[in-house]
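# Structural features, examined
Residues per chain are reported as follows:
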Amino acid sequence: MTVCLRSLLAAALLWAAHAWAEPIRITDQHGMVVTLAAPPQRIVSLLPSLTEAVCVLGACDKLVATDRWSNWPASVQRLPKAGGLDDANVEMVVAQRPDLVLLSASSRLAQRLRGLGLTVAELDAQNLAQLHQLLNTVAALLGQPALGERHWQALQAEVREAHVLVPAAARGSRVYFEISNTLYAAGESSYIGELLARLGARNVVPAALGPFPRLGPEFIVRVDPDVIILAAEDAPGLPRRPGWNRLQAIQAGRVCAVPAEAYDVLSRPGPRLGQAARFLAQCLKDTAPRGPR
């Protein structure tokens, strides 16, 4: 068989496989059915955690644009940026001719994009169960459904390894994790709260307040946490907040100021969950009491 004939046969087999392939059909987080005739070749992602999921699951080369905050892996920094959660440039998105747009379930853009003929999947995660689902859904959309579960199991192993890093003296520490200096916090029911629990710590923000509630400054003064974890840029101002200079975490120096790169990982419920667990474990280790509790 000549080389030319072999090439023609290979092309025919590939065409036949594509022609007979089952379409991809999933239900997104808003209950919308998303159907693709074949795995997407041009993807726009408008949420960093979704961008990271696409890349970890082997389809980074299919991304043609992202939101402005997507910065990992480094290769996505060179892609066109289509704005943020609520100010995405719809014209730019359409101009990329995507066969799939991934965005947050809290975005208000989905209906408009569908009205322009685009295929949209709304996905997000606030807790670990939703993150598990997000990975499996993105993998299914990419035509590689087994990869989502495989990556999730690897993440679980990384979380277990992070647990070992936490010293006994830090177990049971009462933690306040601040999302922003406007006092949005990670509660018990958030993925951060669940990670802290798996590492042996306790969250001072109860699940009843929601995954990421906004708190009054007096709440933190009242609960008086053992440990405060927050972005490094916000740490210097803590003692100047009303009443906060009396907090035992500040008086004892049990404040974990997380550098920007690490905070990016912690603040995104995505496929770098194992790395986030290690950062939290390191915070608990670094702020562990030195003497009897």
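Refer to the preceding data block for the structure.
This section reports on the structure supplied with the text. (Residues numbered from 1 in each chain as written. Predicted model: local features only at pLDDT ≥ 70, side-chain atom pairs only at ≥ 80, totals over all residues. Heavy atoms only, no water.)

## Side note on the packing of helix α6 (residues 145-165) against helix α11 (residues 273-286)
Formally: Axis definition: a line fit to C-alpha positions, over the contact stretch in the case of helices; interaxial angles, taken between N-to-C directions, run 0 to 180 degrees. Secondary structure elements are taken from DSSP: a helix is a run of H or I of four residues or more, a strand is a run of E of two residues or more, and numbering for both begins at the N terminus. Under this scheme an angle from 65 to 115 degrees is roughly perpendicular, one under 35 degrees roughly parallel, and one over 145 degrees roughly antiparallel; angles in between are oblique. Residues are treated as being in contact if the distance between any of their heavy atoms lies within 4.5 Å. Basically, the charged four are Asp, Glu, Lys and Arg, the nonpolar ten are Ala, Val, Leu, Ile, Met, Phe, Trp, Tyr, Cys and Pro, and anything else, Gly included, counts as polar.
Contact geometry of α6 with α11 gives a least axis separation of 8 Å together with a crossing angle of 10°. It follows that α6 is roughly parallel to α11 by the angle criterion. When α6 is examined against α11, the residues Trp152, Leu155, Gln156, Glu158, Val159, Ala162 and Leu165 are found in contact with a partner set consisting of Leu273, Gly274, Gln275, Ala277, Arg278, Ala281 and Lys285. Of the residues that constitute the contact of α6 with α11, the class distribution is eight nonpolar, three polar and three charged.

## A word on empty space enclosed by the protein
To keep things clear, this is the line we draw: Definitions used throughout: a 1 Å grid over protein atoms alone; a cavity as a set of points that fits a 1.4 Å probe which cannot get out; a pocket as an open set with protein on both sides within 12 Å along at least five of seven lines; a lining residue as one with an atom within 4 Å of a point. Grid points are joined across faces, edges and corners, and a volume is the space filled by probe spheres set on the points.
Per the counting criterion, the structure on display carries one cavity of 30 Å³ or more. Taken as a whole, the largest cavity spans an internal volume of roughly 40 Å³. Lining the largest cavity we find Thr27, Asp28, Gln29, Leu123, Asp124, Gln130, Gln133, Leu134 and Thr137. At four residues, the largest contribution of residues to the lining of the largest cavity is made by helix α5 (residues 128-141). A per-class count over the lining of the largest cavity returns two nonpolar, five polar and two charged.

## Some thoughts on the packing of α5 against α6
The condition is simple: Crossing handedness: left-handed means the near helix sits turned counterclockwise from the far one by under a right angle, and right-handed means the same turn made clockwise.
Put simply, α5 and α6 touch, their axes get as near as 6 Å, and they point 145° apart. In the crossing of α5 with α6, the sense of the turn from one axis to the other is right-handed. On the side of α5, the interface is formed by Leu128, Leu131, His132, Leu135, Asn136, Ala139 and Ala140, while α6 contributes Pro145, Leu147, Gly148, Glu149, His151, Trp152 and Leu155.

## Points about the pairing of strand β1 (residues 24-27)
Threshold: Note on exposure labels: buried denotes an accessible area under 20% of the residue type's maximum, exposed denotes more than 50%, and partly exposed covers the range between, all computed with a 1.4 Å probe on protein chains only. At least two DSSP bridges between two strands are required for those strands to pair.
Burial along β1 is one-sided: Ile24 and Ile26 are buried, while Arg25 and Thr27, pointing the other way, are not. The pairing of β1 with strand β2 (residues 33-36) spans four bridges and is classified as antiparallel. Each residue of the ladder has a partner; that of Ile26, found in β2, is Val34. Between the end of β1 and the start of β2, which pair antiparallel, lie five residues, with Gly31 showing a positive phi angle near 80°.

## Here's the deal with the state of the cysteines
Our working definition: Throughout, disulfides are identified as pairs of cysteine sulfur atoms within 2.5 Å of each other.
Counting across every chain of the model gives two disulfides. Between Cys55 and Cys60 runs a disulfide, and the two sulfur atoms are separated by 2.0 Å. Because the sign of the S-S torsion sets the handedness, a value of about 60° for the bond joining Cys55 and Cys60 places this disulfide among the right-handed ones. Covalently, Cys256 is tied to Cys283 through a disulfide, its sulfur atoms 2.0 Å apart. When the S-S torsion is -55°, as for the bridge of Cys256 with Cys283, the disulfide is left-handed. Here the residue Cys256 occupies a position in strand β11 (residues 255-258), and Cys283 occupies one in helix α11, the gap between them amounting to 27 residues. Under the relative-accessibility criterion, Cys256 is labelled buried at 10%. Taking only the cysteines that form disulfides and numbering them from first to last, the chain has the pattern 1-2, 3-4.

## What about the layout of surface pockets?
Estimates place the volume of the largest pocket at around 820 Å³. Put simply, the parts of the chain that give the lining of the largest pocket at least two residues each are α2 (48-56) and α7 (191-198). Among the residues making up the lining of the largest pocket, the classes are represented as eleven nonpolar, nine polar and four charged.

## A few points about the pairing of strand β7 (residues 174-180)
Regular strands show a simple pattern: their side chains alternate between the two faces of the sheet. With respect to burial, β7 is a largely interior element, five of its seven residues being buried. Examined bridge by bridge, β7 and strand β9 (residues 202-203) share two bridges and lie parallel to one another. Note on β9: the bridge partner recorded for Arg174 is Arg202. Judged from the three bridges that link them, β7 and strand β10 (residues 227-231) form a sheet pairing that is parallel. The residue of β10 that forms the bridge with Val175 is Val227. In terms of strand pairing, β7 meets strand β8 (residues 184-185) through two bridges, oriented antiparallel. Paired with Ser180 across the bridge in β8 is Tyr184.

## What about the packing of aromatic side chains?
What counts here: The criterion for an aromatic pair is that two Phe, Tyr or Trp rings (for Trp, the six-membered ring) have centres within 6.5 Å, with stacked assigned to planes under 30 degrees apart, edge-to-face to planes over 60 apart and tilted to the rest.
Under the criterion given, the structure shown has three aromatic pairs. Ring centres of Phe177 and Tyr263 lie 6.2 Å apart, and the angle between their planes is 15°; this geometry places the pair in the stacked category. Pair noted here: Phe177 is in strand β7 and Tyr263 is in helix α10 (residues 260-266), with a separation of 86 residues, a long-range link. As far as burial versus exposure is concerned, Phe177 and Tyr263 are alike and both buried.

## Concerning unusual backbone geometry
In this chain, Trp72 is followed by Pro73 through a cis amide linkage whose omega measures -10°. By secondary structure assignment, the location of Pro73 is in the loop between β4 (63-66) and α3 (90-95). Even without glycine at this site, Arg97 takes up a positive phi of about 50°. Relative to the elements of secondary structure, Arg97 occurs in the loop between α3 and β5 (100-103). Residue classification places Arg97 among the exposed positions, given a relative accessible area of 58%.

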